[in-house]
Amino acid sequence: MEEKNTKAKKKPSKKNEFDFCKVCRFHHDHGPRHKYFPRHKELLSAFLNRFRSKIADVRFFLKNPSFLRPQEESQNRVWCVFCDEDIVELGSSFACSKAINHFASSEHHKNIKQFLWKHGPSMDCVDDFKISDADVAKWVRKCTALGNKDASSCTGQLSRTSSDIHNKFEFERTEKETHFFNPNYLNDVKPLLYNTNEYQISHSGVTHYGSHLNVDASQLPPGVIGMTSNSSSHSGDSSGNVHSGAPPPWLTPNDGNIFNQSEITRVQEKIPVKTTSKLNPHRVGAAWAERRKIEMEMEKRGEAVNSNTDADWLPNFGRVWQSGTRKDSRKEFEKEKRKLVVAAESISMESQERKLVKTESVSMESEEPVQIQPYVSKRAVCFAFTILN
Amino acid sequence: MESVLLPTLTKKEEIDRIINNTIDKVLVLRFGRISDENCLLLDDILEKSARDVSKFATVALVDVDSDQVQVYVNYFDITLFPSTVFFFNAHHMKLDSGTADHTKWVGKFHEKQDFIDVVEVIFRGAMKGKLIVHCPLPPERIPKYQLLYKDV
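This is a predicted model, so every value here is computed, not measured.

Asks: I tried to follow the pattern of salt bridges on my own but got confused; where do I start?
Replies: All names here are of chain A. Applying the stated criterion across every chain yields a total of 20 salt bridges over all chains. Ionic pairing is found between D19 and K118, a salt bridge with its closest N-O pair at 3.9 Å. Highlighted residues: D19 in strand 1 (residues 19-21) and K118 in helix 4 (residues 106-119), separated in sequence by 99 residues. A relative accessible area of 34% places D19 in the partly exposed class. Between R52 and D128 there is a salt bridge, with the nearest N and O atoms lying 3.2 Å from each other. You can see R52 sitting in helix 2 (residues 38-63) and its partner D128 sitting in the loop between helix 4 and helix 5 (133-149), a full 76 residues away along the chain.

Laid out in structure tokens, this is it:
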């Protein structure tokens, strides 16, 4: 009976289907219990904090509505992670208006709840990611008020943009936006008031986009981050620039230039080319391979290389019937070779002598009968000669 | 089917050159003669697999009947044909295949994959600094022969 109960209690473990976790960015078959894993919880908190910062930016514009310029529409965009859609402010007149409307929508609320139900352990942070209708109503009122105020000045701004967009309009925009710089919002994340590149280009004296752009740092409004301009030294150069079509300074012929082409080539030739390879330095014949690569490169360049490959060169080989190191086996082989050579030479000498004797005997027989004489060595002849003397 | 004509070496200088110019790759030298049947079978397998192993091995054939090559035939103690000797960075690589001679592979390969496996094992061992490697083939695929010491 107990066995039956235990068997009944033991449910067969269900194999869950593979599912993709948007937070952890990987596939798993843990099922619904995945959201309680500590790693998932950590990643989820980081994930939600990142989105919180984005919503904080949007909340800034919720409390302080401002006009959205047409050229900045494409840059003012937010990706909603709950709805998986990109909110682009195309055709909107106020900054983050579409984002504000989206975050206040019921569909967004529904998606937040769904996301937290699936991924998050608790549902108490839903309000952090949505904008209430009351806030939206306040924002709309502020926008209408702002619209009425600047109805007249807007047209003036628009006309100025066409004539002097780099200089004067930038100043007026920065002046307006400094009013919004409220110390109460110091703790919040501030959105970029202007794009970094545009600001640097328009407010630095180094780059030359025409004469009307040289601006000193003293003219900058106080709320803006101070940037030192270096207009004095470079503005005096009359050698031309990219726009005038002048050659770059490193290509102009200069007598005082240290780095002449001939000197560079000389220096490069002196420096040995080290081929840095990713291969194992402990592989077989690594040192030999590196040396050989350098030699081959020198040969390619046409330099003379001391070649070690003589006619008698032999590779490193461990022979079958020899014991000891490969060097010993090579030395042994070279000894054997020398012996063979000597033996071969002696055999060839003897065979040559025999041939000579045969040829002489043949020739003598044809002409005269051969006179057989005993062999007398040169030493014996010399010895006899010395004795006689 | 592509047929790659493997270089046939007949001079000692040619063998020296190919040994010295093969860097960071296994050099496979087949010593044999064209008139031998086993040699022809081995050459067929070498030609077919030369391209597959081209990234880590170079294959060359040595004609044993040439006079200038006899010094290598004696140095490598080649008495049976065909014999295949392996080099890596001008260093001789030994192969322990359970036979009496670890310095070379004597005979032909059963199939292309056997040759590729042997060359791969040699390359892997050489890259790790090993001068002798174990043959990955089963004993039934390794040709059997008897080594005679000075015809004894």
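Additional details are given in the paragraphs that follow.
Asks: Can you help me understand the interface of chain A and chain B in this one?
Replies: Accessible area lost during the coming together of the parts is what is often quoted as the interface size. In this assembly, 30 residues from chain A lie in contact with 35 residues from chain B. Summing both sides of the interface, chain A and chain B together bury roughly 2900 Å²; the carbon and sulfur share of this comes to 65%. It is V284, F317 and W321 of chain A in chain A that bury the most area against chain B; as a group they hold 25% of the surface buried on that side. Taken together, chain A and chain B are joined by 3 salt bridges. The shortest N-O distance in the salt bridge between D77 of chain B and R319 of chain A comes to 2.9 Å. At the surface where chain A touches chain B, the tally comes to 16 residue pairs in polar contact (both at pLDDT 80 or more).

Asks: In this structure, what is going on with the pairing of strand 3 (residues 77-80) of chain A? I would like to understand it.
Replies: In summary, the side chains of a regular strand alternate between the two faces of the sheet. Residue and element names in this part refer to chain A. Residues V78 and C80 of strand 3 are buried on one face, while the alternating residues R77 and W79, pointing to the opposite face, are not. Where strand 3 lies against strand 4 (residues 85-88), 4 bridges are found, and the strand directions are antiparallel. By the bridge assignment for strand 4, V78 is matched with I87.

Asks: Any chance you could explain the packing of aromatic side chains here in plain terms?
Replies: Here the distance between the centres and the angle between the planes together describe a pair of aromatic rings. Tallying each qualifying case throughout the model produces 19 aromatic pairs over all chains. Where F109 of chain B meets F115 of chain B, the ring centres are 5.3 Å apart and the plane angle is 65°; that geometry is what we call edge-to-face. Looking at F109 of chain B, the relative accessible area reads 3%, which means it is buried. Among the residues examined, F115 of chain B registers a relative accessible area of 0% and is labelled buried. Put simply, the rings of F317 and F333 of chain A together with F31, Y72, Y75, F76 and F87 of chain B pair up and form one aromatic cluster. A cation sits over an aromatic face here: K35 of chain A above W117 of chain A, 5.9 Å from the ring centre. The ring of F81 of chain B has R33 of chain B lying over it, and the distance from NZ or CZ to the ring centre is 4.8 Å.

Rules used in this analysis
- Residues numbered from 1 in each chain as written.
- Chains lettered and ligands numbered in written order.
- Predicted model: local features only at pLDDT ≥ 70, side-chain atom pairs only at ≥ 80, totals over all residues.
- Heavy atoms only, no water.
- Salt bridge = Lys/Arg side-chain N within 4 Å of Asp/Glu carboxyl O.
- Helix = DSSP H or I, 4+ residues; strand = E, 2+ residues; numbered from the N terminus.
- Buried < 20%, exposed > 50% of the residue type's maximum accessible area, 1.4 Å probe, protein only.
- Contact = heavy atoms within 4.5 Å.
- Buried area = accessible area lost by both parts, 1.4 Å probe.
- Polar contact = N/O pair within 3.5 Å; in protein donor to acceptor, adjacent residues only side chain to side chain.
- Pairing = 2+ DSSP bridges.
- Phe/Tyr/Trp six-rings, centres within 6.5 Å; stacked < 30°, edge-to-face > 60°.
- Lys NZ or Arg CZ within 6 Å of the ring centre and 35° of its normal.

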